[in-house]
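# Fold and geometry: a report
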Amino acid sequence: MKQHIYVYSPSSAVRDKAAIRRGVARLKSLGHEVELDEAALASHMRFAGDDETRLAAIHRAAASGADVALITRGGYGLTRILPGINHKAVAKAIRGGTKFVGLSDFTAFQCAVLAKTGETTWAGPALGEDLGVEGEPDDIMLDCFEDLVTGRGEGTGWRLPAAEAIEKPLNLKGQLWGGNLAMLSSLVGTPWLPDVPNGILFIEDVSEHPYRVERMLTQLLYAGVLKRQRAILVGHFTNYKSYPHDRGFKLETVLDWLRSQVKAPVLTNLPFGHVPTKVSLPVGAQVNLAVQGRDAFVLWGHQH
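Quick caveat: nothing in here was measured; it's all calculated off a predicted structure. (Residues numbered from 1 in each chain as written. Predicted model: local features only at pLDDT ≥ 70, side-chain atom pairs only at ≥ 80, totals over all residues. Heavy atoms only, no water.)

## A few points about unusual backbone geometry
The backbone of Met 45 shows a phi angle near 55°, a positive value even though the residue is not glycine. Examined against the element boundaries, Met 45 turns out to sit in the loop between strand E2 (33-36) and helix H2 (51-63). Relative accessible area serves as the criterion here: at 60%, Met 45 is assigned to the exposed category. In this model, Ser 104 sits at a positive phi of 65°, which is unusual for a non-glycine residue. Residue position: Ser 104 is located in the loop between strand E4 (99-102) and helix H4 (106-117). For Ser 104, a relative accessible area of 12% gives the class buried. (Helix = DSSP H or I, 4+ residues; strand = E, 2+ residues; numbered from the N terminus. Buried < 20%, exposed > 50% of the residue type's maximum accessible area, 1.4 Å probe, protein only.)

Written as C-alpha cells, this is what we have:
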C-alpha cells in the first residue's frame, strides 16, 4: 500500500547525509512516496536550522497531509521550541490521519502533544539511524514500521528475562506513554509533561551511566509520576561505560532499587531504544498489557 511519508528535522542537524539518502531510497523501494522537507538538511550550530526554521518544519509536516511525518534524527533541540508549536495544527493533522513518528529527543514533542491535545503519536524509528543504515535494516524494526505506516499494527510482544517470569497471569489496561528517560525527567514541572494516572510507562536511554538513570528516575519518583503508573516497561539502556568507582553499581542495581520504590511491576527487555531491533508504540493510546510466564504483550488494536 503506497503511503505518503514526509521527512523533516525538528532537532539536531543531519551530519550523515548519505544515511538520509539511503533511508529515502529504502522507503521508495518499499513503494512509498517520500517528500523531503525543504529544511531537512539545514544546519545552525548543532541544530537543524535555527528555532524558527525547525518550528516551520514541524508546521509544514502538519500541513503536508502525509500519512506519516518521520524525523530524520533525534539529538537535541525540541525542548527549546515547545512553546512555539501550534498544537491545534498538529492535533488537526493527527485527526486527519497523519502519524508523527520518532524517538529520543522526539519524546519532548510526543509528551507535549499528549499533554496539550490528548492525541496519539508513535515511538518508532528515525530515517537516518534506522532506515538509512548501511546494509539491511533490522527485520523486526522494518516490519513494525510497515505495520504502523499501513495501519495494520495491533500490538507487540517480547520475552522477559527468566528472573522476571510471572507465575500468575497479569492483565492490565492503561494509557501507554513515555520514551526517552532524559527527556521525560527534563519536562517535570513544565506544562509539557502529560498527567497520566494509571498509565503504562515505557523508558529507554543512551549514553547515560546507571547512576544518572537512577537520578532521573528519582526525579520522576519524587514528582509523584512513577507511583501513579500501573506498570513500567524498561527498554534498552545502551552505550554507557562502567567505572572502577562503581564497585558493583550497575543498571540491575537501579532496577532493583526502582522495584523497591513502586508497587507497579517493572518489566525489562522491551524491544525499544537506541538499538537496531525496535518496535513501534502508540504514545497516548489505551493498551492492554498481558504477561504470562516470560511472555509479555502490549496490545492496542488498530490505531488510525
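## Comments concerning the nonpolar core
Tyr 8, Phe 100 and Leu 289 are the most contacted members of the largest nonpolar core, which totals 96 residues. A total of seven residues in this core trace back to one element, the largest contributor, which is H4. Filtering out sequence-adjacent residues up to four positions away, Tyr 8 remains in contact with Asp 37, Ala 57, Ile 58, Ala 61, Ala 69, Leu 70, Ile 71, Thr 72, Phe 100 and Phe 106. (Core = buried A, V, L, I, M, F, W, Y, C linked by side-chain atoms within 4.5 Å. Contact = heavy atoms within 4.5 Å.)

## A closer look at the sheet that holds E2
With mixed pairing, the six strands of this open sheet are ordered in space as E2-E1-E3-E4-E5-E11. Looking at which strands have only one partner, the edges of the open sheet turn out to be E2 and strand E11 (281-283). Put simply, the sheet's adjacent strands are angled 30° from each other on average, direction ignored. Pairing of strand E3 (residues 68-71) with E4, which is carried by three bridges, proceeds in the parallel orientation. Note on E4: the bridge partner recorded for Leu 70 is Val 101. Contacts between H2 and the sheet are confined to strand E1 (4-8), E3 and E4, with E1 contributing the most and set at about 175° to the helix. (Pairing = 2+ DSSP bridges. Axes fitted to C-alpha atoms, helices over the stretch in contact; angles between N-to-C directions.)

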